[in-house]
Amino acid sequence: MGIVAALLSEGLRQNRLRTALRERHQLVVATSWAEFLDLCDSAPVTAAVIDLRDYAHPTFDELRKFRLRHGSTALVLYISVPPVSVQDVFEAGRFGFDAIVVGGEGDDPDAL
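Described in the following lines is the structure provided in the data block. (Residues numbered from 1 in each chain as written. Predicted model: local features only at pLDDT ≥ 70, side-chain atom pairs only at ≥ 80, totals over all residues. Heavy atoms only, no water.)

### Remarks on the nonpolar core
Judged by nonpolar contacts, the single largest core of 22 residues is most densely connected at Trp33, Phe36, Ile50, Tyr55, Leu63 and Phe66. Only strand 1 (2-7), helix 2 (33-42), strand 3 (45-51), helix 3 (52-55), helix 4 (61-69) and strand 4 (74-79) provide two or more residues apiece to this core. The element that contributes the greatest number of residues to this core is helix 2, accounting for 5 residues. By size, the runner-up hydrophobic cluster in this structure holds 11 residues, among which are Leu8, Ala47, Val49 and Val101. (Core = buried A, V, L, I, M, F, W, Y, C linked by side-chain atoms within 4.5 Å. Buried < 20%, exposed > 50% of the residue type's maximum accessible area, 1.4 Å probe, protein only. Helix = DSSP H or I, 4+ residues; strand = E, 2+ residues; numbered from the N terminus.)

Shown next as structure tokens:
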């Protein structure tokens, strides 16, 4: 069983992800970027799920640093369209996200 760290404040998204993971992985949710980093630094995280609304940094520098420190961790971007802009998604993709989940469209637990 691997650990999936999530920076997701929305309860519905947490529940969908938890349901999708079932008993195959342990979901650990952080409510801030600092808590998320502490979590990823303190445990062997298999995957990291990040909602850009919760990331809340004006640039992707922190994501770049995360990718350098945790190069083998799969990164999954969880977004809403709108309010996340296409440019933000493109920029995030440049920093090594392995997958994108669109809230309300592609986040059915069976699809995840």
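### Observations concerning the sheet that holds strand 2 (residues 25-30)
Each strand in a sheet pairs with another by means of backbone hydrogen bonds, the pair being arranged parallel or else antiparallel. Taken together, 5 strands build an open sheet; the order of strands is 2-1-3-4-5 and the sheet is parallel. Lying at the two open borders of the sheet, with one neighbouring strand each, are strand 2 and strand 5 (99-102). The mean angle between the axes of side-by-side strands here comes to 20 degrees, regardless of whether they run parallel or antiparallel. Both strand 1 and strand 2 contribute to a ladder of 6 bridges, which runs parallel. Each bridged residue has a counterpart across the sheet, and for Ile3 the counterpart in strand 2 is Gln26. In the packing of helix 1 (residues 11-21) onto the sheet, the strands contacted are strand 1, strand 2, strand 3 and strand 4, and the crossing angle to strand 2 comes to about 165 degrees. (Pairing = 2+ DSSP bridges. Axes fitted to C-alpha atoms, helices over the stretch in contact; angles between N-to-C directions. Contact = heavy atoms within 4.5 Å.)

### Observations regarding the packing of aromatic side chains
Under the counting rule described, the total for this entry stands at 3 aromatic pairs. Ring geometry for Trp33 versus Phe36: centroids 5.4 Å apart, planes at 25 degrees, classification stacked. Residue Trp33 and its partner Phe36 are located together in helix 2, separated by 3 residues, close to a single helical turn. This pair shows no difference in class: Trp33 is buried, exactly as Phe36 is. (Phe/Tyr/Trp six-rings, centres within 6.5 Å; stacked < 30°, edge-to-face > 60°.)

### What to know about the environment of Thr73
Mapped onto the fold, Thr73 is located in the loop between helix 4 and strand 4. Separated by 29 residues in sequence, Thr73 and Pro44 have C-alpha atoms that sit 8.9 Å apart. Beyond its immediate stretch of four places on either side in the chain, Thr73 contacts Val45, Thr46, Ala47, Ala48, Arg67 and Asp98.

### Observations regarding the pairing of strand 1
Among the 6 residues of strand 1, 6 are classified as buried, and the element is accordingly described as predominantly covered. Judged by which residues are buried, strand 1 turns out to be covered on both faces: Gly2, Val4 and Ala6 on one side and Ile3, Ala5 and Leu7 on the other are all buried. Traced from strand 1 through helix 1 to strand 2, the parallel crossover comes out right-handed. The pairing of strand 1 with strand 3 spans 5 bridges and is classified as parallel. Along strand 3, the bridge assignment pairs Ala6 with Val49. (Right-handed = clockwise from strand over helix to strand, strands pointing away.)

The values are spatial; any link to function lies outside them.
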